[in-house]
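Okay, here's what each chain looks like letter by letter:
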Amino acid sequence: MQFDIELIELFYKTLSARISGIKELLNHPLTLSEKLLYAHLFREPSQVLIRSVDYADFRPDRVAMQDATAQMALLQFMMAGKDRTAVPTSVHCDHLILAKSGAAEDLQTATVVNNEVYDFLSSACNKYGIGFWKPGAGIIHQIILENYAFPGGMMIGTDSHTPNAGGLGMIAIGVGGADAVDVMTGMEWELKFPKIIGIKLIGRLNGWVSAKDIILKIAGILTVKGGTGCIIEYFGEGANSLSATGKATICNMGAELGATCSIFGFDEAMSKYLQATGREKVAQLATGVGADLNPDPEVLASPEKYFDQFIEIDLSTLEPYINGPFSPDLATPVSEMKAAAAANAWPTTVEVGLIGSCTNSSYEDLSRAASVVKNAYENHLKAKSVFTITPGSEQIRAICERDGIFDIFRKIGGQIFANACGPCIGQWERAGSEQGLKNTVIHSFNRNFSKRVDGNPNTHAFVASPEMVAAIALAGDLTFNPITDTLMNEKGEMVKLDPPFGTDLPSIGFGTVVEGYQKPTMADAPEIVIKQDSDRLQKLQPFKAWDGNDTMALSVLIKVKGKCTTDHISMAGKWLKYRGHLANISDNLLIGAINFFNDKPNSVLNTMNGEYATVPEVAKEFKKNGEATIVIGDENYGEGSSREHAAMEPRFLNVKAILARSFARIHETNLKKQGMLALTFKDKNDYLKVREDDVLTISGLADFKAGKPLEILIVHRDGTTETIQANHTYNAAQIEWFKAGSSLNLIRNSNK
Ligand code: MIC
Ligand code: SF4
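Residues numbered from 1 in each chain as written. Chains lettered and ligands numbered in written order. Predicted model: local features only at pLDDT ≥ 70, side-chain atom pairs only at ≥ 80, totals over all residues. Heavy atoms only, no water.

A.B. asks: Sorry, what's going on with the overall build of the chain here?
C.D. replies: A tally of helices and strands in the chain yields 26 helices and 30 strands. Whereas a compact globule of 752 residues would reach a radius of gyration of roughly 27 Å, the chain reaches 25 Å, a difference of no more than 12%. C-alpha extents for the chain along the principal axes are approximately 75 × 60 × 55 Å. Out of the 752 residues in the chain, the part that is buried amounts to 63%. Entry remark: accessible area of the chain is about 26000 Å², with carbon and sulfur atoms responsible for 50%. (Helix = DSSP H or I, 4+ residues; strand = E, 2+ residues; numbered from the N terminus. Rg over C-alpha atoms; globule rule 2.2 N^0.38 Å. Buried < 20%, exposed > 50% of the residue type's maximum accessible area, 1.4 Å probe, protein only. Areas by Shrake-Rupley, 256 points an atom, 1.4 Å probe, with all protein chains shown as cover.)

Right, here's the structure in full:
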């Protein structure tokens with residue numbers, strides 16, 4: 001379906017003139033990222049912005065939110081006192097559907113169980129002029145790609161995989177709800193001007209290798225931190241040979257590298273996809289300004305001159321990859337899996353193969369995976385593992401059903417779940433997972449942090465392309481390499497699977513499925529009701545402003561050891577139901593994080609009584625006593641999702657500061673927006689100085705300034721002290737958020 005065509009037309013009409021102005025200002029050939037970032041500045045650009053140094057204000061074209069984050073975002077938006085959103089916005093119900101018995105039944109259960117939340121979201125959308133996509137319509141990123149994304153546009157979304165729309169040439173960035181509120185209230189949206197990593201793809205994919213393998217390989221090169229503060233821009237003949245949905249897979253998983261977003265230049269594949277999905281007009285308009293939607297020829301000719309980092313990947317020599325367990329950047333080429341699994345004692349029997357998610361549920365993905373299954377079936381092979389499929393949207397589901405793709409999966413016992421996130425976010429009632437047995441699953445999703453799929457810390461989740469998931473699940477063996485290995489069929493014959501094949505676009509078109517969309521009416525919108533005694537929704541109370549004291553004395557709540565993603569800070573799965581209730585969801589604060597001092601999750605010292613208790617319990621005790629605390633973090637603290645609950649929960653429970661070795665971008669901004677102090681050790685070794693019963697006094701707050709470190713006095717229990725320095729990245733405007741108690745308090749104050 002085509003939305004907001006007037007806005008898109010206006011955008012293309014003025015683009016070339018804007019880009020000429022930018023060229024004049026920068027006075028050098030431009031990367032695509034520069035063109036699109038400058039073209040979306042809030043104010044006419046008047047100075048060159050220094051990458052990774054200057055903050056810049058932007059005017060995104062649209063906002064997208066999914067149900068698990070939209071609740072908090074809309075609760076905040078309601079406090080801002082506006083009648084409607086300033087830019088086109090959409091909300092998508094995808095995260096709250098539990099996968100258990102199959103699509104129809106699970107969807108029915110979800111509408112009952114989440115009734116109150118869906119009602120709240122739908123009535124808020126109706127009132128504020130927001131497009132609402134009902135449960136069952138599909139996963140946010142797939143719906144955006146099919147209906148809203150347009151080459152050259154800029155979008156923010158309250159989900160870290162928003163960059164998926166880069167597959168259609170859009171600058172699409174994952175943010176927290178408070179950032180969405182900025183844009184929805186018509187204010188400027190701020191971002192540190194990113195660095196740009198150029199990736200040239202040469203050659204062509206063949207055989208078992210797919211777009212997913214490109215990003216799995218890059219994850220291995222750049223790691224989960226390597227994209228932080230960067231846009232990844234893809235180009236080269238290899239890039240042009242990929243389908244739009246293949247490009248989207250690559251952009252989607254750029255989130256796993258911490259990248260701000262990823263982008264491809266407009267090409268024939270994008271045009272074809274736009275046309276196939278009913279957006280001929282956009283395809284035509286974008287074609288008319290094709291040069292503006294691609295890097296300049298000089299950049300393509302000497303990329304190393306214009307990008308901050310340059311990588312070249314030859315698709316012709318690429319192998320399929322399997323990444324994991326527990327981290328999406330642990331990349332192993334399929335040919336080395338036998339050795340890697342043995343060396344690490346990974347369980348090699350694969351119990352479940354899960355296909356789908358926002359990353360990989362395009363027609364191309366599902367048709368290629370189905371071709372593998374069909375080939376196996378025709379050769380009398382039986383699947384050794386269980387198969388599940390989560391389609392990305394109703395549109396995809398309907399055409400896969402129409403074209404017989406799902407029947408192929410059903411033949412080997414595959415179960416089709418609802419068009420939703422499902423197992424990807426722990427919304428999977430997996431029988432027996434509570435027993436905590438060591439086991440292996442393989443999926444085509446993007447994240448595989450501990451406990452993420454089924455809540456079991458001993459589930460080893462590996463990430464691969466849908467076709468590799470299909471092959472490995474058929475074999476039931478993680479070390480199976482379909483390129484070289486054979487499988488024994490029912491007749492005792494050895495069978496070698498044929499390489500997968502599929503098509504990017506269905507030969508008889510997408511049809512016209514647009515189920516589940518609710519257009520806002522605004523005028524006759526009824527009041528938004530939040531019940532007093534609800535355990536799912538709670539009206540927000542503004543956070544208190546800074547008290548004006550120069551110093552802040554904070555007890556250590558937890559010193560986190562190692563990886564601490566937002567899944568560790570604010571777990572998803574069964575906790576998703578409290579995403580609209582700050583008090584209730586705060587009961588999961590940091591329950592997945594490992595305490596440095598005893599190597600246990602959710603067991604920290606309560607210095608007030610010398611006993612160990614859970615993190616939320618101890619935080620609440622401190623809060624009750626009117627004492628504030630600090631959390632000590634390791635590297636890349638807050639990696640992963642955009643959920644601002646990971647920042648609001650500590651704020652709510654009186655944690656005033658997070659002092660880490662380093663932060664992930666979205667989380668750091670979320671902390672700032674909620675009025676917290678997000679600080680980093682100036683000397684990373686100082687992390688080791690903090691003991692579990694310390695009190696840390698931050699000083700210099702009266703003179704809190706951009707670029708000026710804060711001083712922290714560590715007072716140990718034995719009376720000894722040490723002084724350390726803490727860096728921060730607050731600019732003058734962000735310091736005002738801290739002072740006001742949150743960025744939202746500032747918006748509210750200005751609306752009074
Ligand atoms: C995820 O993939 O982790 C999520 C669930 O989509 C999150 C958003 C959330 O926690 O609601 C994300 O990626 O931002
Ligand atoms: Fe949903 Fe998973 Fe995609 Fe997040 S990564 S939006 S949970 S499908």
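A.B. asks: Would you take a moment to explain the environment of Cys 251 for this structure?
C.D. replies: As for its placement among the helices and strands, Cys 251 is situated in helix α10 (residues 244–253). Assessed through its relative accessible area of 0%, Cys 251 is described here as buried. For Cys 251, the residues in contact, after removing those within four places along its chain, are Pro 163, Asn 164, Gly 166, Gly 167, Ser 262, Ile 263 and Phe 264. (Contact = heavy atoms within 4.5 Å.)

A.B. asks: I'm lost on unusual backbone geometry in this one. Help?
C.D. replies: Where the residue is not glycine, phi is negative for most of them; where a peptide bond is considered, it is trans in most cases. Cis geometry is found at the peptide bond from Gly 324 to Pro 325, where omega equals 0°. Structurally, the position occupied by Pro 325 is in the loop between β12 (321–323) and β13 (331–333). For Lys 451, which is not glycine, the phi dihedral falls at a positive 70°. Mapping Lys 451 onto the fold places it in the loop between β17 (439–443) and β18 (459–463).

A.B. asks: Got a minute to help me understand the site of ligand 2 in this structure?
C.D. replies: By nearness alone, every residue bordering ligand 2 is listed as His 95, His 141, Asp 159, His 161, Ser 357, Cys 358, Cys 421, Cys 424, Ile 425, Asn 446 and Arg 452. Within the shell around ligand 2, the residues separate by chemical class into four nonpolar, five polar and two charged. (Near = heavy atom within 4 Å. Nonpolar A, V, L, I, M, F, W, Y, C, P; charged D, E, K, R; others polar.)

A.B. asks: How should the pattern of salt bridges be read in this particular structure?
C.D. replies: Pairing is possible between side chains that carry opposite charge, provided their charged atoms lie close to one another. Counted according to the given criterion, the structure contains 37 salt bridges. In this structure, the salt-bridge partner of Lys 708 is Asp 703, at a minimum N-O distance of 2.6 Å. (Salt bridge = Lys/Arg side-chain N within 4 Å of Asp/Glu carboxyl O.)

A.B. asks: I would appreciate a short explanation of the environment of Glu 304 in the present structure.
C.D. replies: Looking at the element boundaries, Glu 304 is found in helix α14 (residues 303–306). Residue class for Glu 304 comes out exposed when judged on its relative accessible area of 51%. The sequence separation of Glu 304 and Asp 703 amounts to 399 residues, and the corresponding C-alpha distance is 41 Å.

A.B. asks: Teacher, can you tell me more about the environment of Ala 124 here?
C.D. replies: Mapped onto the fold, Ala 124 is located in helix α5 (residues 115–128). Judged by its relative accessible area of 0%, Ala 124 falls in the buried class. Considering only alpha carbons, one finds Ala 124 and Ile 558, 434 residues apart in sequence, at a separation of 37 Å. When neighbours within four sequence positions are excluded, Ala 124 is seen to be in contact with Leu 74 and Ile 528.

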